[in-house]
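Descriptive analysis of the structure
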Amino acid sequence: MSRSGASSPRSSNPLRDARDRRLNRIAGPSSLVLFGVTGDLARKKLMPAIYDLANRGLLPPSFGLVGFGRRDWSDDEFVAEVKESVTQYARTPFNDAVWEQLSAGIRFVQGTFDDDEAFGALQECLEELDRDRGTRGNHAFYLSIPPDAFEAVCQKLSEHGLAQPDDGQWRRVVIEKPFGHDLESAQELNRIVEEVFPPDAVFRIDHYLGKETVQNILALRFANQLFEPLWNANHVDHVQITMAEDIGIGSRAGYYDGVGAARDVIQNHLLQLLALTAMEEPISFDAEHLRTEKEKVLAAVQLPDDLAGRSARGQYGSGWQGGEHVNGFLEEDGIPADSVTESFAALRLDIHTRRWSGVPFYLRTGKRLGRRVTEIAVVFKRAPNLLFREHDEAAFGQNAVVIRVQPDEGVTIRFGSKVPGTQTEVRDVTMDFGYGHSFTESSPEAYERLILDVLLGEPPLFPRQQEVELSWQILDPFEKYWQSLDGQPETYEPGSWGPASADELLAADGRTWRRP
Ligand code: BG6
């Protein structure tokens, strides 16, 4: 997607803009302060992504990385921690020269989130980086911490003058989901953050938007003439958006219990995928235009008053998966035996626009399903006059365009073809585009792209508050409905595709889920 501002519809020469967009964008002098350095996200994703950016030459020599946390670490000890996470999880090979340059700008500040002395030390540390490393007063604060700590951190940053840039400098704050628990708490969280940082300094991370294949939805739809004429209720029967994981909740019970699959990934990742799949063409890829179109689609999702038959929920049971015996959801460490939190959720949503009227969007997600796969399947109506009706409908299904988000990134088009021979038989075949076959360069990790965009101040890939609120307005009624049902969500077998009620959700409409 383009850089914000640089490619407004009024901007000069489109050919020159196109050429410029192919050049690598390199961050300017700056530092990133990481709150929550000992968390999984920081160790497995953020620190490796920073190294990968440095290794790809996308960070400036004047770059600082500051860890802020409770551990009693010296700078050197923190450098060793970062090195370990980089050697274990970075995508690109370890390069001594790159590491030497990056690690010279790594610092650690010890303290708790309400500790004035520690924020004083952070201020001094950033001044030292500005002076000795040339970071020029440009600082991003990455809050990889529980949302209930946002208030203390934002206030301390403000009290110590860290949230207010001088002329020619910038300060930004990066927040990770969950953005609240429901509409009301999301509004409250936003109030807290925006009391200190202006809206354009707030970067909300939905890491799905940083994935190459997710950005490619817009290229597929709007850079081609092939798909868009068919992308509407005249030709599309329904859309299935699946985000399946084969893992359980692991050690995340503390976060997951009471949150559940729908709040964890439907409110954000899946509704963003829906918005990108269903939105109208924006007049440019500038943040304002892109976000406005996504918001229009989310606002057009209208729910019936009675939500019975519009959703399914489940919890994985214990059993065998991939040759291993696994715990059921209720036996996981830290999950109460009577927890009603769901590890699987499916919804049917309808978008009330002319383009999508009568085309259901089915969303599903779950832990401990058959395999890890995220895909968007746009399933087309059957040809109006089926000469081949007598043939097996299971072998000859409906045409589909499947955007394979992960792990086997690409796009598949499914259509019918005559089976060679003297008989007249039509069978489904597929035409595949795979990133691995078409491009030599491997895709960057989502966090590489997103951290770079934060440092560059480019907001198109970050949802704004309005999108977050619209997404809660869609999910909150389902959460209320589920609360009103007594008892546990339905159990499903590990390694299966979810509870029977998920199949019933589609069967009621005469449809079936894809088995990716
Ligand atoms: C996170 C969820 O946002 O996304 C996790 O909190 C989930 O529960 C993860 O496992 C999946 O991300 P990815 O990129 O592996 O699909």
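On a predicted model such as this, the values are computed, not experimentally measured, just so you know.

Of all 5 residues in strand S3 (residues 106-110), 4 are buried, a share of seventy percent or more. Across 5 bridges, strand S2 (residues 63-69) lies against S3 in parallel orientation. Opposite Phe68, over in S3, you have Val109 as the bridge partner.

Once that is clear, we can look at the packing of aromatic side chains. If you walk through the whole model with that rule in mind, you get 24 aromatic pairs. Pairing Phe68 with Phe119 gives two aromatic rings, centres 4.9 Å apart and planes at 45 degrees, and the pair type is tilted. Here Phe119 lies in helix H5 (residues 116-132) and Phe68 lies in strand S2, a separation of 51 residues in the sequence. A relative accessible area of 0% means that Phe68 is categorised as buried.

This part covers the sheet that holds S2. Taken together, 6 strands build an open sheet; the order of strands is S3-S2-S1-S4-S5-S6 and the sheet is parallel. Only two strands of the sheet have a single partner each, and these edge strands are S3 and strand S6 (202-205). The mean inter-strand angle of the sheet, taken between neighbouring strand axes irrespective of direction, is 20 degrees. Where strand S1 (residues 30-35) lies against strand S4 (residues 139-143), 5 bridges are found, and the strand directions are parallel. Note on S4: the bridge partner recorded for Leu34 is Tyr142. Taken strand by strand, helix H2 (residues 40-55) contacts S1, S2, S4 and strand S5 (171-176), and its axis lies near 175 degrees from that of S1. Along the sheet face, helix H6 (residues 150-159) touches S1, S4 and S5 and points at about 165 degrees away from the line of S4.

Another aspect to go through is the UniProt feature "binding site: NADP(+)" (unreviewed entry) in the chain. As annotated in UniProt, the feature "binding site: NADP(+)" (unreviewed entry) corresponds to Arg70 and Lys177 in the numbering used here. Relative to the helices and strands, Arg70 resides in the loop between S2 and helix H3 (75-89). For Arg70, the residues in contact, after removing those within four places along its chain, are Gln110, Gly111 and Thr112. Along the polypeptide, Lys177 turns up in the loop between S5 and helix H7 (183-194). A relative accessible area of 18% means that Lys177 is categorised as buried.

Every one of the 13 residues lining the ligand counts as a neighbour, but Tyr208, Lys211, Glu245, Asp264 and Gln406 are closest to it. Separating an oxygen atom of the ligand from a side-chain N or O atom of His269 is a distance of 2.7 Å. A distance of 3.4 Å is found between an oxygen atom of the ligand and a side-chain nitrogen or oxygen belonging to Arg372. Look at the ligand: alone it shows 390 Å² of surface, and the protein chains cover 82% of it.

Right, let's get into the sheet that holds strand S13 (residues 373-380). Consider a sheet: its strands pair through backbone hydrogen bonds, and that pairing is either parallel or antiparallel. Sheet architecture is open: 9 strands sit in the order S16-S15-S14-S13-S7-S12-S11-S8-S17, paired in mixed fashion. Looking at which strands have only one partner, the edges of the open sheet turn out to be strand S16 (426-434) and strand S17 (490-492). Here the average twist between neighbouring strands, direction ignored, is 20 degrees. In this sheet, strand S11 (residues 344-350) lies alongside strand S8 (residues 311-316) in antiparallel orientation, the contact comprising 4 bridges. Across the sheet, the residue bridging to Ser311 is Leu347, located in S11. Against the sheet, helix H8 (residues 212-222) engages S13, strand S14 (400-406), strand S15 (410-418) and S16, with an angle of about 150 degrees to S14.

Basis of the calculations
Residues numbered from 1 in each chain as written. Predicted model: local features only at pLDDT ≥ 70, side-chain atom pairs only at ≥ 80, totals over all residues. Heavy atoms only, no water. Buried < 20%, exposed > 50% of the residue type's maximum accessible area, 1.4 Å probe, protein only. Helix = DSSP H or I, 4+ residues; strand = E, 2+ residues; numbered from the N terminus. Pairing = 2+ DSSP bridges. Phe/Tyr/Trp six-rings, centres within 6.5 Å; stacked < 30°, edge-to-face > 60°. Axes fitted to C-alpha atoms, helices over the stretch in contact; angles between N-to-C directions. Contact = heavy atoms within 4.5 Å. UniProt positions renumbered as here; feature names shortened; annotations may be inferred. Near = heavy atom within 4 Å. Polar contact = N/O pair within 3.5 Å; in protein donor to acceptor, adjacent residues only side chain to side chain. Areas by Shrake-Rupley, 256 points an atom, 1.4 Å probe, with all protein chains shown as cover.

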